Amino acid sequence: MQDLQLSAPAPVSEDAPDAVRATHPSGSSPAPSAPLPPGPPPQPANPTSNDHRPNYQLEYILSGHAMSISSLKFSPNGSMLASAAADKLVKIWDASTGDIMRTFEGHTEGVSDIAWSSDGDCLASASDDKTVRIWSLDAGGTVRVLKGHTNFVFCVNYNPRGNLLVSGGFDETVRVWDVARGKALKVLPAHSDPVTAVSFNHDGTLIVSCAMDGLIRIWDADSGQCLKTLVDDDNPMCSSVIFSPNSKFVLCSTQDSTIRLWNYQTSRCVKTYTGHTNRTYCLPASFSKTGGQYVVSGSEDAKVYIWDLQSRQVLQVLEGHRDVVMAVAIHPTRNCIASASMEKDLTIRIWCDEAADASR
Amino acid sequence: MNASLLNPFNITYPTAVQTSLPSQASLARFDPSGRFVAAGRSDGSAAIWDLETHAAVRWLEGHVKGITSVDWSQNSRFVLTSSKDWNVIVWDLAADFDPPQRSSTIRFDAPVSSASFHPRNSQIILVLLSTGDAYLVDLRKHHRGRVELEEVQEESDEEGQMASPRSAMTTARFDPTGKHIFVGTSVGSILVFNTRTKTMVGRHKVSGAGLMKGFDFAKSGRRLVTNSSDRVLRQFNLPTYPPPNADREYIELELEPTHRFSDPINRNAWHAMSFSPDGEWLAGGAADPATHKIYIWDISNDGQFASALDGGREPLIHVHWHPRKPAIASTTNQGNILIWHCPAPERWGAFAGGFEEVDENVEYEEREDEFDIEDESELAIRKMKQEEEEVDIDTTEDLDASALGDHLRVNGDNEEDYAWADEEPDDDIRGWKMKTVMEDEPDML
């Protein structure tokens with residue numbers, strides 16, 4: 001995490017290496033009627049789009065990382081949660097109990113991003129040591145080191161088949177890797193500023209990337225050709241981008257405290273989500289479909305925001321973290337959200353909406 | 001998924017070699033998804049190549065003599081190899097390791113010249129031996145058996161006279177529905193068998209064809225192209241075959257080709273031919289001893305010759321069209337597999353946001369209100385209104401589901417044949433994934 005590296009190492013507050021079962025702290029979980037932050041979307045709620053409001057409650061607080069946590073990802077089957085941090089470590093947690101299962105050591109600099117392979121057997125991590133490492137859960141360690149980036153690697157993702165990896169970084173390139181042989185297949189001179197996010201679509205034929213140059217680019221995965229460039233009028237720095245589940249839209253968060261849903265075929269922004277604060281860090285935005293259809297993002301005001309996908313209204317704000325919420329992960333099947341925060345806090349919190357789980 | 005963003009004006013046959021896979025292959029076939037190529041080698045091994053990484057991902061070592069054919073099950077989980085060593089092996093690629101598991105071995109008493117899976121069930125296998133006999137092998141528990149396909153002989157008038165010796169079977173294929181088996185013979189006839197009953201339901205004489213060397217079907221199953229020893233490829237429209245009846249009646253019909261394709265200059269014979277997925281193009285691999293040439297004909301345009309692809313100096317021995325894309329795999333006699341594609345020109349306009357490339361200069365007409373200064377708050381309200389529209393982030397148009405199998409059911413087919421083939425389905429479920437096996441990397445750690 002480039003931004004993190006610049007600041008002094010955080011003081012490690014009370015060493016609490018293992019998960020702590022939260023005793024449902026009354027103060028930390030916001031009432032559903034938490035006052036909405038100042039911000040535009042005061043539209044009339046669309047009654048059909050959401051028949052229940054999310055009611056996420058804090059379930060666990062996990063601590064173990066010694067420096068800012070940069071990325072969280074649930075494993076494809078939802079049994080594990082992986083976290084990466086500026087302390088050079090990748091940790092695996094049991095998603096249902098909150099116990100720490102494993103700590104992977106090997107990177108020589110902070111880790112900015114992690115990604116699970118689709119079978120959940122492997123994990124890839126992107127680091128400021130200019131490498132991508134592939135970790136095997138079976139082998140319990142590094143199985144590959146992908147070298148080639150000439151500067152910090154900032155983002156990494158697998159394709160759905162798990163035979164390719166895509167990574168981007170401060171050398172402004174996007175690289176496509178052959179996982180089996182550990183070789184770079186393509187080096188795309190993708191952007192003119194650090195690449196902040198890159199990922200495949202659901203069938204692996206497209207790659208989307210975004211960068212601090214404010215551009216979102218869509219690439220043909222096979223040929224490596226650029227197919228489309230999306231740019232907002234104001235050209236704000238892009239923090240993260242992902243395809244929608246059906247790959248017809250891309251969700252991009254930018255450092256003007258806005259998240260936009262783009263129809264990339266027509267190059268039009270079809271939804272705008274605001275209310276949170278994002279001016280400095282690369283905060284990823286995610287889709288959640290386990291309860292209603294939500295968009296979820298961390299925020300620099302130490303909260304997690306949940307919007308209704310269609311009405312763009314803030315439905316719930318999760319409060320409790322004490323620093324910027326840098327990483328957010330959505331459980332693939334249960335109605336859970338994991339969030340993690342920077343150095344003044346250093347905890348991972350797991351929030352669940354059990355009512356929604358039960359009603360399904 | 002990327003198709004909608006790619007240039008829609010692509011011509012629909014490949015024009016250039018994208019990559020060459022050095023695999024010492026004698027033949028190469030795409031899998032039904034088009035992500036892999038199975039390459040059979042003359043030393044008896046076979047390899048599965050991943051076209052995304054252009055690397056061999058599985059080695060199938062089980063035969064001791066040359067591979068004569070390879071085939072894929074419908075969802076690419078099982079691969080079949082037939083060999084001159086008298087065996088047919090079925091491989092299961094879902095195994096977590098390399099080499100993959102052998103799921104069955106079928107032994108014969110003669111070299112196997114080709115074998116293929118039933119399109120609906122990989123446990124039903126059609127096998128042709130070099131002795132000129134064809135067998136249908138059923139590996140299912142309740143149908144287990146091996147049945148020889150027998151041509152019905154014309155009844156001779158004189159009693160006691162020996163029936164004329166049976167003509168040898170020289171090529172055998174399932175049609176795309178799997179309902180019928182088409183067998184070509186050494187005397188230029190096409191025999192049609194019902195797969196379920198193994199009885200002959202049709203016989204076509206093709207005059208002047210000579211020995212039948214190979215068949216290929218358009219995906220619809222209504223058109224057949226034959227390769228024969230007279231160096232002509234013929235395309236036929238197939239009649240509808242009646243369901244087999246108790247009297248074992250069959251259609252005896254001389255077929256007239258709708259098109260004939262040949263090389264008028266060099267009189268080259270053909271090693272293989274392959275339809276494009278939409279059936280509108282036909283690729284013929286010329287048996288030219290000095291060059292690597294693929295002829296492309298435009299079927300939708302009355303079979304006109306469209307192009308001859310030149311693949312260099314290594315002569316061609318096999319050709320197969322990609323199941324979905326304008327791409328071809330052609331094998332050279334040096335064992336290299338050339339993957340042909342249709343290169344899309346780089347569109348530099350794609351690198352700029354909101355930029356459109358035009359081929360010619362156009363006079364730009366500005367809209368009436370294009371440079372009007374609008375009230376910002378009004379603009380914001382209008383944008384808000386536009387954003388009210390619901391978006392669908394979940395549904396995909398799954399092309400695969402409709403493209404496979406079911407559209408073939410038209411034409412008044414009786415369901416019985418499908419029901420029979422679907423009994424005891426194989427484990428070839430859609431959506432299985434081949435595990436990525438990490439190659440050992442000794443210089444690491």
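Computed from a prediction, not measured in an experiment: that's the story for all the values here.

1. Quick word on the confidence of the model for chain B
A low pLDDT score tells you not to read the predicted coordinates there in detail. Residues with a pLDDT of 70 or more make up 89% of chain B, whose mean pLDDT is 86. Here residues 401-412 of chain B is modelled with pLDDT under 50, and outside its nearest four sequence neighbours on either side it reaches 14 contacts, counting other chains as well.

2. A word on the pairing of strand E12 (residues 134-138) of chain B
Residues and elements named next belong to chain B. The buried fraction of E12 is high, at five of five residues. On E12, burial covers both faces: Ala134, Leu136 and Asp138 on one face and Tyr135 and Val137 on the other are all buried. Here strand E11 (residues 124-129) pairs with E12 via five bridges, running antiparallel. Each residue of the ladder has a partner; that of Ile125, found in E12, is Val137. Hairpin remark: E11 followed by E12, antiparallel, with four residues in the connecting loop; positive phi at Gly132, about 95°.

3. As for the sheet that holds strand E4 (residues 80-85) of chain A
Residue and element names in this part refer to chain A. Here we have four strands laid out as an open sheet, ordered E3-E4-E5-E6, and antiparallel in their pairing. Pairing within the sheet leaves two strands with one partner each, and these edge strands are strand E3 (69-74) and strand E6 (100-104). Direction aside, the axes of adjacent strands within the sheet are offset by 20° on average. Where E3 lies against E4, five bridges are found, and the strand directions are antiparallel. Note that in E4 the partner of Leu72 across the bridge is Ser83.

4. Points about the side chain of B:Arg203
Residue and element names in this part refer to chain B. By secondary structure assignment, the location of Arg203 is in strand E17 (residues 200-205). Owing to a relative accessible area of 1%, Arg203 belongs among the buried residues under this scheme. There is a polar contact of 3.2 Å between the side chain of Arg203 and the side chain of Glu252.

5. Here's the deal with the environment of A:Val241
All names here are of chain A. Within the secondary structure layout, Val241 lies in strand E19 (residues 238-243). For Val241 and Leu164, which are 77 residues apart along the polypeptide, the C-alpha to C-alpha distance reads 19 Å. For Val241, the residues in contact, after removing those within four places along its chain, are Ala197, Ser199, Val208, Ser209, Cys210, Ile216, Val250, Leu251 and Cys252.

6. A look at the interface of chain B and chain A
Frequently, the measure chosen for interface size is the accessible area removed from exposure when the parts meet. At the interface, 47 residues of chain B touch 61 residues of chain A. When chain B packs against chain A, close to 4600 Å² is buried across both sides, 49% of that on carbon and sulfur atoms. Applying the counting criterion to the chain B and chain A interface returns eight salt bridges. Close ionic contact of A:Asp119 with B:Lys435 constitutes a salt bridge, the shortest N to O distance being 3.5 Å. Inspection of the region where chain B meets chain A yields 28 residue pairs in polar contact (both at pLDDT 80 or more). Ranked by residue count, the leading element in the side of chain B that touches chain A is helix H1 (residues 376-387) of chain B, at four residues.

What counts and what doesn't
- Residues numbered from 1 in each chain as written.
- Chains lettered and ligands numbered in written order.
- Predicted model: local features only at pLDDT ≥ 70, side-chain atom pairs only at ≥ 80, totals over all residues.
- Heavy atoms only, no water.
- pLDDT = per-residue confidence, 0-100.
- Contact = heavy atoms within 4.5 Å.
- Buried < 20%, exposed > 50% of the residue type's maximum accessible area, 1.4 Å probe, protein only.
- Helix = DSSP H or I, 4+ residues; strand = E, 2+ residues; numbered from the N terminus.
- Pairing = 2+ DSSP bridges.
- Axes fitted to C-alpha atoms, helices over the stretch in contact; angles between N-to-C directions.
- Polar contact = N/O pair within 3.5 Å; in protein donor to acceptor, adjacent residues only side chain to side chain.
- Buried area = accessible area lost by both parts, 1.4 Å probe.
- Salt bridge = Lys/Arg side-chain N within 4 Å of Asp/Glu carboxyl O.

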